[in-house]
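# Fold and geometry: a report
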Amino acid sequence: MNLALLIPILGISCGLFAIIGGVFIKPWFAYKNRQMELEAKMIAEKAAQYASQTSSLEQRVRVLERIITDRGIELADEIDRLRDDSAPLN
């Protein structure tokens, strides 16, 4: 007799769980999904900004390296000339 009473209770409980899942859990999952999409978009934008900034910095470093290396040869020649001009006075 107890088993006969449990079957309808179990059926009603399953129906209630399905309704509760559809009303509360499904919108919650949609909310979380939308939240993750927005976070992913913000992260992608930040990554693009960092990539742009990194590219700009790399370009500036290349210019500085070129200035240093080009000027380095001239500077070495100038130092050698100064050394030759300041011969020992002995």
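For the structure itself, consult the block above.
This text gives an overview of the structure that appears in the document.

Quick notes on the rules
Residues numbered from 1 in each chain as written. Predicted model: local features only at pLDDT ≥ 70, side-chain atom pairs only at ≥ 80, totals over all residues. Heavy atoms only, no water. Helix = DSSP H or I, 4+ residues; strand = E, 2+ residues; numbered from the N terminus. Rg over C-alpha atoms; globule rule 2.2 N^0.38 Å. Buried < 20%, exposed > 50% of the residue type's maximum accessible area, 1.4 Å probe, protein only. Areas by Shrake-Rupley, 256 points an atom, 1.4 Å probe, with all protein chains shown as cover. Patch = residues over 30% accessible without salt bridge, like charges linked within 9 Å, V, L, I, M, F, W, Y side chains within 5 Å. Salt bridge = Lys/Arg side-chain N within 4 Å of Asp/Glu carboxyl O.

Time to look at the overall build of the protein. Each helix and strand counted, the protein has one helix and zero strands in total. For the protein, whose C-alpha radius of gyration is 38 Å, the value lies well above the compact-globule estimate of 12 Å for 90 residues. If you line up the protein on its principal axes, its C-alpha atoms span 125 × 25 × 10 Å. For the protein, the residues scored as buried account for 1% of the 90 residues in total. Counting every atom, the protein has about 8,700 Å² of accessible surface; 66% of that belongs to carbon and sulfur.

Further remarks concern a nonpolar patch on the surface. A surface patch of nonpolar side chains, amounting to about 1,100 Å² of accessible area, comprises Ile12, Leu16, Ile19, Ile20, Val23, Phe24, Ile25, Trp28, Phe29 and Tyr31. Its place among the elements puts Leu16 in helix H1 (residues 2–85).

The final tally for this structure, using the stated rule, is two salt bridges. Linking Glu37 and Arg34 is a salt bridge whose minimum nitrogen-to-oxygen distance equals 3.6 Å. Within this pair, Glu37 and its partner Arg34 are both found in helix H1, separated by three residues, close to a single helical turn. With a closest N to O distance of 3.9 Å, Arg62 and Glu58 form a salt bridge. Of this pair, Arg62 and Glu58 both sit in helix H1, four residues apart, which is roughly one turn of that helix. A relative accessible area of 43% means that Glu58 is categorised as partly exposed.

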